[in-house]
Amino acid sequence: MSVGFEKNFVVAPFRGFHLSGTVTELATASEPAVTYKVAISFDRCKITSVTCGCGNKDIFYCAHVVALSLYRIRKPDQVKLRLPISETLFQMNRDQLQKFIQYLITAHHTEVLPTAQKLADEILSSSSEINQVNGAPDPTAGASIDDENCWHLDEEQVKEQVKLFLSQGGYCGSGKQLSSMFAKVREMLRMRDSNGARMLTLITEQFMADPRLTLWRQQGTNMTDKCRQLWDELGALWVCIILNPHCKLEEKSCWLQQLQKWSDLDVCPLEDGNYGHELPNITNALPQNAIHSPDSLSRPRRTVFTRAIEGRELHWQDSHLQRIISSDVYTAPACQRESERLLFNSQGQPLWLEHVPTACARVDALRSHGYPKEALRLTVAIINTLRLQQQQQLEIYKHQKKELLQRGTTTITNLEGWVGHPLDPIGCLFLTLTEACRLNDDGYLEMSDMNESRPPVYQHVPVAAGSPNSSESYLSLALEVALMGLGQQRVMPEGLYAQDKVCRNEEQLLSQLQELQLDDELVQTLQKQCILLLEGGPFSGLGEVIHRESVPMHTFAKYLFSALLPHDPDLSYKLALRAMRLPVLENSASAGDTSHLHHTVSVVPSRYPRWFTLGHLESQQCELASTMLTAAKGDTLRLRTILEAIQKHIHSSSLIFKLAQDAFKIATPTDSSTDSTLLNVALELGLQVMRMTLSTLNWRRREMVRWLVTCATEVGVRALVSILQSWYTLFTPTEATSIVAATAVSHTTILRLSLDYPQREELASCARTLALQCAMKDPQSCALSALTLCEKDHIAFEAAYQIAIDAAAGGMTHSQLFTIARYMELRGYPLRAFKLASLAMSHLNLAYNQDTHPAINDVLWACALSHSLGKNELAALIPLVVKSVHCATVLSDILRRCTVTAPGLAGIPGRRSSGKLMSTDKAPLRQLLDATINAYINTTHSRLTHISPRHYGEFIEFLSKARETFLLPQDGHLQFAQFIDNLKQIYKGKKKLMLLVRERFG
């Protein structure tokens, strides 16, 4: 709204509990000025109803209502206060009342006259309902002191908007709008506005009415991630409302009944989708002494509302809890009773011994309902409890450490992880603590959660009086509890959504941690907690021995490594190297520790859930390794340790290849010298990839081989020699000859390495040896490459040629043999080429209808080669051609080419050409001519068997070509005429075709 509003108000006097006026929107270049009538009712500092002529339909007040309200607040002197209208009427006499009513009717006669007449009739009737009640309503008088009063909420608009957003699938804008509505509910709760629960009820009703729920259930498909997240937020908000510390019992009972009704519906989404294992309910911690079998892991149906329903058992009357949240100075009494000893730590600070997510749900409820100080006090008590448990777990582990390390495995685990939990306990504590330390733009603390894009700014705020450690701040506690939660050892939950939520919640917490500027105090907290996590044994995700199905710590460790590196590099590397493991992919004994410790249970190792997010987890493992490699550049010892960790723990060849490429890039910067140690790491990783993918299919294999040769070239000539000599453990014969050896002896490589003659000879000798070995192992694929690589060494070349000849009788195809034969001709060995071509011809078989076969060019080349060598070679090849080729057009083409020039023009030393053209009536061409004519005859009958009219023209042209061949011998015309007569007789039923034959050939 324009500030110009202030000059365009007409405000009626404040009449009792009602404010009315007109608000004019100033004219713009495209729109004229518009005036709206606005009316607002209020009661005990709350707007209870609004009307505006703009007709705006929204869950929020329109700008005109806001403008009128602000005008009254900012300029109270310009709005005259008046008594309720009933008081004014009471002061009038009869004449004044009649005048008032008649003027009122006259001013609005078209609107109120029917109503006025009706009321007059009822008042004049002694038996009317209106006369049975004393007094009359007054909209300006406000409600009774005993009446409920709440802010105005347009319920229909809430329903319509939620329905609209859900109909759009919860994508992009609509998803953000629904999240905004949830944020509005939290804002209402924080302001202790009773409309918060009302609005959430309306939202939930529309969510439950979403037709997609039935569809998803019928089809057995999962809802989208965005919708799933919205349902999670819905369930968490209901937990907040049920745990409202000042909720009336009647209200709570009403909400619980409604929640149970929703939860009982078949379409109500489950807490963890179609998967799940035994999780504690909101009021109970994990069993401490129970052995679970796979059968006992089944559990009752739990919906998104189950945790809120379980909240019916929770209350706030516990005296210890009340003292915690009501005082900053509550400490252990000097004389403790036996029952009080567990309620305080050794420093006398209060503890809150409750199931951790439940305790954190209490914090969220306090914070959400506008009790930030109380939420902070309970948060501190929970953190002190977690610290004590951490110390107790360390003591337990110290007594079992030797045994666990010997076995190298454990079944101790937390079935319930705090990160990814439906109640987000760690995120709740972190947010509560950081809100107490957040500065606004003016440098003052602000006690609210903001959703702005700008990064937050925090300052240390000392923990309130009562803390024995005066240097402790809420900000350091926030960091500490986040590290505790992220480092908690927990078993991977079942189901895609639950596993994805673990990853998403972890990344969300880490992004919040990255907003903290690590000063000395926070670095100390970080170091202390990292040491505790490393020493935590099976209770820590970074302990020495963890459960096989533990959630990996790669993403968390990457943050810790980067944060610690400038301050404590030894600790940062120790921690990151510890986190590199991925036990679920590594061998471990099936037996395990059967002891059961606080907040832990023993899980049967055979229970193996599907790790839907395994690909993501492996990529995070790779990212951690890459981060360490980058940081360790130039440090030989650390690089060697990191390499060993990669080779031990990473099992994906594509990820190791990525690491090799990363290391290569870091080691060979364009603007500075090469880091030889890191370059060797890259090479070793590349070699490992080659070994891993040698016998498996990998679509990137060719790229990997080329990269390895490039890397080895960068390392130096010794690396190239090494991979050439050990090719059989790294490459296939084809890769070794066509890529590796060919690149190693290329002119580019020689220039790149500035090789001297002995080095060039050494490489060439290794390449030749490799070539012959590969040709022996796979002659079909490697014979040609071997010949190429051995060209400059006569002995090696002869050996390669003999391998090709020996293999020709075996499994080599005509295509492979023709290729080698052409190569031999190109190298100046026409007789050897002829020998190979003859062998290739014996492997070939061209049917009558294969006139487009790719081998035709090879056949024509072979015939041309034999023709050029002389009559003897042509005579030797023609029987092979006749035997292998049955396609008439190909045979006639060969015949024509052989009659164009004289044979023996290749210029072979010691031979002379007669210079005479060859006759088709004499050998060896007579055999070829007869075969060609027979092929035409056979092909003609084959084509006529299934010929269709649309192919008649093509067939006539085919006969024309056949006539050309028939006419080559002296009696050819008689032979062709007999052939045509036979066709007319045999196929006389094909009248139209035979008519065309007579027209063309008589």
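Residues numbered from 1 in each chain as written. Predicted model: local features only at pLDDT ≥ 70, side-chain atom pairs only at ≥ 80, totals over all residues. Heavy atoms only, no water.

(A) Quick look at the overall build of the protein. If you tally the helices and strands in the protein, you get 40 helices and 10 strands. A total of 1002 residues make up the protein; the buried ones form 48% of that total. A sequence separation of at least 24 residues applies to 71% of the contacts in the protein between residues at least 6 apart. On the protein, roughly 49,400 Å² of surface is accessible, and the fraction owed to carbon and sulfur atoms is 53%. (Helix = DSSP H or I, 4+ residues; strand = E, 2+ residues; numbered from the N terminus. Buried < 20%, exposed > 50% of the residue type's maximum accessible area, 1.4 Å probe, protein only. Contact = heavy atoms within 4.5 Å. Areas by Shrake-Rupley, 256 points an atom, 1.4 Å probe, with all protein chains shown as cover.)

(B) Expanded view of a nonpolar patch on the surface. On the surface, a nonpolar cluster with roughly 250 Å² of combined accessible area is contributed by Val66, Leu70 and Ile73. Relative accessible area serves as the criterion here: at 33%, Leu70 is assigned to the partly exposed category. (Patch = residues over 30% accessible without salt bridge, like charges linked within 9 Å, V, L, I, M, F, W, Y side chains within 5 Å. Salt bridge = Lys/Arg side-chain N within 4 Å of Asp/Glu carboxyl O.)

(C) Region of interest: the nonpolar core. Ile203, Phe207, Trp238, Phe305, Tyr474, Leu513 and Phe731 are the most contacted members of the largest nonpolar core, which totals 249 residues. No other element matches the 10 residues that helix 16 (residues 474–486) contributes to this core. Filtering out sequence-adjacent residues up to four positions away, Phe305 remains in contact with Thr204, Met208, Trp231, Leu234, Trp238, Leu259, Trp262, Ser263 and Cys268. Within the second largest apolar cluster, 11 residues are counted, among which are Val38, Ile47, Cys62 and Val79. (Core = buried A, V, L, I, M, F, W, Y, C linked by side-chain atoms within 4.5 Å.)

(D) Here's a closer look at the confidence of the model for the protein. Model confidence for the protein is summarised by a mean pLDDT of 86, while 88% of its residues fall at 70 or above. Within the protein, the lowest mean pLDDT, 38, falls on strand 10 (residues 601–602), and the highest, 98, falls on helix 19 (residues 554–564). Throughout residues 588–608 the model reports pLDDT below 50, and contacts reaching past four residues in sequence, or to other chains, amount to 65 contacts. (pLDDT = per-residue confidence, 0-100.)

(E) Up close: the packing of helix 19 against helix 21 (residues 614–631). In the contact formed by helix 19 and helix 21, the axes pass within 8 Å of each other and the chain directions differ by 20 degrees. The angle between helix 19 and helix 21 falls in the class roughly parallel. Where helix 19 crosses over helix 21, the handedness of that crossing is left-handed. Residues His554, Thr555, Ala557, Lys558, Phe561 and Ser562 of helix 19 touch helix 21, and the partners they reach there are Leu617, Gln620, Gln621, Glu623, Leu624, Thr627, Met628 and Ala631. Its residues assigned to classes, the contact of helix 19 with helix 21 shows 6 nonpolar, 6 polar and 2 charged. (Axes fitted to C-alpha atoms, helices over the stretch in contact; angles between N-to-C directions. Parallel < 35°, antiparallel > 145°, perpendicular 65-115°, else oblique. Left-handed = near helix turned anticlockwise from the far one by under 90°. Nonpolar A, V, L, I, M, F, W, Y, C, P; charged D, E, K, R; others polar.)

(F) Representation of the pattern of salt bridges within the structure. Considering all chains together, one arrives at 40 salt bridges under this definition. For Asp570, the salt bridge goes to Arg638, with nearest N and O atoms at 2.8 Å. With Asp570 in helix 20 (residues 569–579) and Arg638 in helix 22 (residues 636–649), this pair connects stretches of sequence that are 68 residues apart. One salt bridge in this structure joins Lys658 and Glu623, with 3.6 Å as the shortest N-O distance.

(G) Geometry of the pairing of strand 5 (residues 46–52). In this sheet, strand 5 lies alongside strand 4 (residues 34–43) in antiparallel orientation, the contact comprising 6 bridges. By the bridge assignment, Ile40 is partnered in strand 5 with Val50. With antiparallel pairing between neighbouring strands as the criterion, strand 4 and strand 5 make up a hairpin whose turn holds 2 residues, including Arg44 at a positive phi of roughly 50 degrees. (Pairing = 2+ DSSP bridges.)

(H) Region of interest: helix 24 (residues 676–693). Between its terminal C-alpha atoms helix 24 stretches 26 Å, which fits the 26 Å expected from 18 residues at 1.5 Å a residue. Within the sequence span of helix 24, burial applies to Leu678, Leu679, Val681, Ala682, Leu683, Leu685, Gly686, Leu687, Gln688, Val689, Met690 and Thr693. Two to three positions downstream of the cap, the backbone nitrogen of Thr677 sits 3.2 Å from a side-chain oxygen, assigning the N-cap of helix 24 to Asp675. (Expected span 1.5 Å × (residues − 1). Polar contact = N/O pair within 3.5 Å; in protein donor to acceptor, adjacent residues only side chain to side chain.)

(I) Broad picture of the packing of helix 29 (residues 757–777) against helix 31 (residues 794–808). Running from N to C, helix 29 and helix 31 cross one another at 10 degrees; their axes reach a closest spacing of 10 Å. Classified by the angle their axes make, helix 29 and helix 31 are roughly parallel. Where helix 29 abuts helix 31, its residues Arg768, Leu772, Ala775 and Met776 lie against Ala796, Ala799, Ala800 and Ile803. Residue classes in the contact of helix 29 with helix 31 are distributed as 7 nonpolar, no polar and 1 charged.

(J) View of unusual backbone geometry. At the junction of Ala923 and Pro924, the peptide bond is cis and its omega measures out at 0 degrees in the coordinates. Positionally, Pro924 belongs in the loop between helix 36 (888–900) and helix 37 (925–945). The backbone phi angle of Arg192 is positive, close to 60 degrees, even though this residue is not glycine. For Arg192, the location among the structural elements is in the loop between helix 6 (172–190) and helix 7 (195–208).

(K) Fine view of the environment of Arg998. Relative to the assigned elements, Arg998 resides in helix 40 (residues 991–1001). When its relative accessible area of 43% is taken as the criterion, Arg998 is described as partly exposed. Sequence separation between Arg998 and Asp981 is 17 residues; the distance between their C-alpha atoms is 9.6 Å.

(L) Quick peek at the side chain of Thr693. With respect to the helices and strands, the residue Thr693 is situated in helix 24. Once you skip the residues sitting within four places of it in the chain, Thr693 turns out to touch Ser653, Asn698, Arg701 and Met704.

(M) Molecular detail of the environment of Glu644. Among the secondary structure elements, Glu644 is positioned in helix 22. Considered as a pair, Glu644 and Leu685 are 41 residues apart in the sequence and their alpha carbons are 10.0 Å apart.

(N) Region of the structure containing the packing of aromatic side chains. Scanning the model with the defined rule gives 16 aromatic pairs in all. Each ring, one from Tyr330 and one from Phe344, has its centre 5.5 Å from the other, and the planes form 70 degrees; the classification is edge-to-face. Remark: Phe344 occurs in the loop between helix 12 (319–326) and helix 13 (356–368) and Tyr330 occurs in the loop between helix 12 and helix 13; sequence separation between them is 14 residues. Of the two residues, Tyr330 and Phe344, neither departs from the other in class, the shared state being buried. Ring centres of Phe657 and Trp707 lie 5.7 Å apart, and the angle between their planes is 90 degrees; on these two criteria the pair is classed as edge-to-face. With Phe657 in helix 23 (residues 653–667) and Trp707 in helix 25 (residues 701–715), this pair connects stretches of sequence that are 50 residues apart. An identical accessibility class is assigned to Phe657 and Trp707; each is buried. Feature note: the residues Phe182, Phe207, Trp231, Trp238, Trp262 and Phe305 constitute an aromatic cluster, connected by ring pairs. Above the ring of Tyr497, the side-chain terminus of Arg228 is found at 5.0 Å from the ring centroid. When the ring centre of Phe958 is taken as reference, the NZ or CZ atom of Arg943 above it lies at 4.8 Å. (Phe/Tyr/Trp six-rings, centres within 6.5 Å; stacked < 30°, edge-to-face > 60°. Lys NZ or Arg CZ within 6 Å of the ring centre and 35° of its normal.)

(O) Examining the environment of Thr224 more closely. Here Thr224 shows up in the loop between helix 8 (211–219) and helix 9 (225–242). Once the C-alpha coordinates of Thr224 and Tyr497 are considered, the two residues, 273 residues apart in sequence, prove to be 9.7 Å apart.

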